[in-house]
Amino acid sequence: MTATNAPRIALVTGANQGLGRALVEGLAARMGSDDLVLLTGRDERRVTEAAREVEGLPATRARVRGHVLDVTDTDAVDRLADELRVRYGGVDVVISNAVARLLPDESQAERADEFIDVSNTATHAVLRAFGAVLRPGGRLLVVASSLGTLGHLDPRLHHLFDGASLDQVEYAVESWRSAVHHRTAEEAGWPRWLNVPSKVAQVAAVRAVAAERRTRDLATGTLIASVCPGMVDTATSRPWFSDYSHAQSPAEAARAVLDLVSAERVDPALYGELVRFGAALDWHSGKPPVEQDRILTP
Ligand SMILES: NC(=O)c1ccc[n+]([C@@H]2O[C@H](COP(=O)([O-])OP(=O)(O)OC[C@H]3O[C@@H](n4cnc5c(N)ncnc54)[C@H](OP(=O)(O)O)[C@@H]3O)[C@@H](O)[C@H]2O)c1
């Protein structure tokens, strides 16, 4: 992130617990005392408590404020971006992180609307609203996952996301939602597990926005990317795994994402890509560059 004399503004969605909260803690520790970190979430009490706790941590240097933002309220997303533009001239770090929690015994189809609204409709709104007010040298990151690469989808669906514009990704997401409603999703090739198309669509949305502004952003040291935190021990992931021996704590998982935020210069190879532990995963195969080379040169 470019050093500047003006106070820097950072914002994380879904930040009252889990990875989002660890990202706020890390930003608050790494940013300066004039800087402001907005810890946002949908519930006023949880947001206020979390912000107060982060503010009181010994490592915290920046100012930390709680702000209620239900990301499914896309008008509220627009209003907050506009407010930050008017008050501070823009925003320096935005991390779109919120996710709706699903349990293994719940019907994925019945939770589809909420899940898609939180992960996808909201991501589109954040990319549009905060992309427009991101200051030069800023970072706009969407927390996706390694499931977010094209190879996880049935080949019949690839054309919906490959090289798509943001409007086209939005259309694909709404087609998927409609297929879930009409119980035709599986025959059309959509995976039953909502997380897969949702993460592919998040990565595709980031790629779409990044493709439009790549030259301008690279010239100003600005980064737009999706990130894969790896397996993290949180309330959302815990019900899905029996073996947690390889899971990172939220603070451990936040580190590589925070390094991307703090990096002095933007690596063009990471711009617009899905980044895992500092390396871009291939959009089609999901492999990191070294494994990719090994496949190409047996
Ligand atoms: N955990 C993993 O292993 C893992 C792996 C790969 C990727 N990820 C990604 O990492 C991100 C964070 O996941 P996590 O495991 O840290 O989840 P988490 O601990 O459950 O945190 C999710 C956060 O999103 C918030 N949220 C839910 N609905 C919202 C809404 N409508 N508006 C605003 N905030 C909302 C939750 O708020 P409440 O507290 O009010 O519910 C909570 O603060 C997600 O994008 C997830 O897909 C996680």
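Conventions used here
Residues numbered from 1 in each chain as written. Predicted model: local features only at pLDDT ≥ 70, side-chain atom pairs only at ≥ 80, totals over all residues. Helix = DSSP H or I, 4+ residues; strand = E, 2+ residues; numbered from the N terminus. Rg over C-alpha atoms; globule rule 2.2 N^0.38 Å. Buried ≥ 20, exposed ≤ 12 C-beta atoms within 10 Å, placed from the backbone. Pairing = 2+ DSSP bridges. Axes fitted to C-alpha atoms, helices over the stretch in contact; angles between N-to-C directions. Contact = placed C-beta atoms within 7 Å. Core = buried A, V, L, I, M, F, W, Y, C linked by C-beta atoms within 7 Å. Near = placed C-beta within 6 Å. Nonpolar A, V, L, I, M, F, W, Y, C, P; charged D, E, K, R; others polar. pLDDT = per-residue confidence, 0-100. Parallel < 35°, antiparallel > 145°, perpendicular 65-115°, else oblique. Expected span 1.5 Å × (residues − 1). Right-handed = clockwise from strand over helix to strand, strands pointing away. Arc of directions from axis to C-beta.

This part is about the overall build of the protein. Of regular secondary structure, the protein possesses nine helices and eight strands. The C-alpha radius of gyration of the protein comes to 18 Å, within 12% of the 19 Å expected for a compact globule of 298 residues. When the 298 residues of the protein are sorted by exposure, 45% land in the buried category.

Taking strand neighbours across the sheet as the criterion, the eight strands line up as β3-β2-β1-β4-β5-β6-β7-β8 in an open arrangement whose pairing is mixed. Whereas interior strands pair on both sides, the edge strands pair on one side only; in this sheet they are β3 (63-68) and β8 (279-281). Pairwise comparison of adjacent strand axes, ignoring direction, gives a mean angle of 25° for this sheet. Pairing between strand β6 (residues 223-228) and strand β7 (residues 274-276): three bridges, direction parallel. The residue bridging C228 from the neighbouring strand is R276, located in β7. Along the sheet, helix α2 (residues 44-55) contacts β2 (36-41) and β3; its crossing angle with β3, the most-contacted strand, is approximately 175°.

Right, let's talk about the nonpolar core for a bit. Membership of the largest hydrophobic core comes to 89 residues, with the highest contact counts inside it found for L23, V24, L27, V37 and L39. Looking at which element gives the most residues to this core, the answer is helix α4 (residues 112-131), with 10 residues. In contact with V24, other than residues within four places in its own chain, are V12, A15, V37, L39, V54 and V64.

With that settled, the discussion passes to the environment of L140. Within the secondary structure layout, L140 lies in strand β5 (residues 134-143). Owing to 27 C-beta atoms within 10 Å, L140 belongs among the buried residues under this scheme. If sequence neighbours within four positions are ignored, L140 has contacts with V94, F130, G131, L134 and I224.

Further remarks concern the site of the ligand. The immediate surroundings of the ligand are formed by 29 residues, with G14, G18, L19, T234 and T236 found nearest. When residues in the shell around the ligand are grouped by element, the largest group, three residues, is from helix α1 (residues 18-30). Within the shell around the ligand, the residues separate by chemical class into 11 nonpolar, 13 polar and five charged.

A separate point is the confidence of the model for the protein. Averaged over every residue, the pLDDT of the protein is 94; residues scoring 70 or more account for 95%. In the model, residues 292-298 has pLDDT below 50 throughout and makes four contacts with residues more than four positions away in sequence or in other chains.

Before going further, it helps to spend a moment on the packing of α4 against helix α7 (residues 195-220). One can describe the packing of α4 onto α7 by two numbers: an axis separation of 10 Å at closest approach and a directional angle of 10°. Judged on the interaxial angle alone, α7 and α4 are roughly parallel. Note on element contacts: α7 touches α4 through S198, A201, Q202, A205 and V209, opposite F115, I116, S119, N120, T123, H124, L127 and G131.

With 15 residues, helix α3 (residues 74-88) extends 21 Å between its outermost C-alpha atoms, agreeing within 8% with the 21 Å of an ideal straight helix rising 1.5 Å per residue. Among the structural elements, β1 (9-12), β4 (91-96) and α4 are those in contact with the buried residues of α3. Positioned one or two residues after α3, G89 has a phi angle of 80°, which is positive.

Taking burial as the measure, the six residues of β2 include six buried ones, the bulk of the element. Of the two faces of β2, the one holding L36, L38 and T40 and the one holding V37, L39 and G41 are both buried throughout. Of the pairings in the sheet, the one linking β1 to β2 comprises four bridges and is parallel in character. Bridging across to β2, V12 finds its partner in L39. As a crossover connection, the stretch from β1 through α1 into β2 is right-handed. Where β2 meets β3, six bridges bridge the pair, whose relative direction is parallel.

So, about helix α6 (residues 166-181). The terminal C-alpha atoms of α6, which comprises 16 residues, lie 23 Å apart, in line with the 22 Å expected from a rise of 1.5 Å per residue. Turning to α6, its buried residues number three or more, namely L166, V169, A172, V173, W176, R177 and V180. Here the buried residues of α6 occupy an arc of 140° about the axis, which is enough to place them on one side. Exposed residues on α6 whose side chains face more than 90 degrees from its buried face are D167, S178 and H181. Here the buried face of α6 lies against α4, α5 (158-161) and α7.

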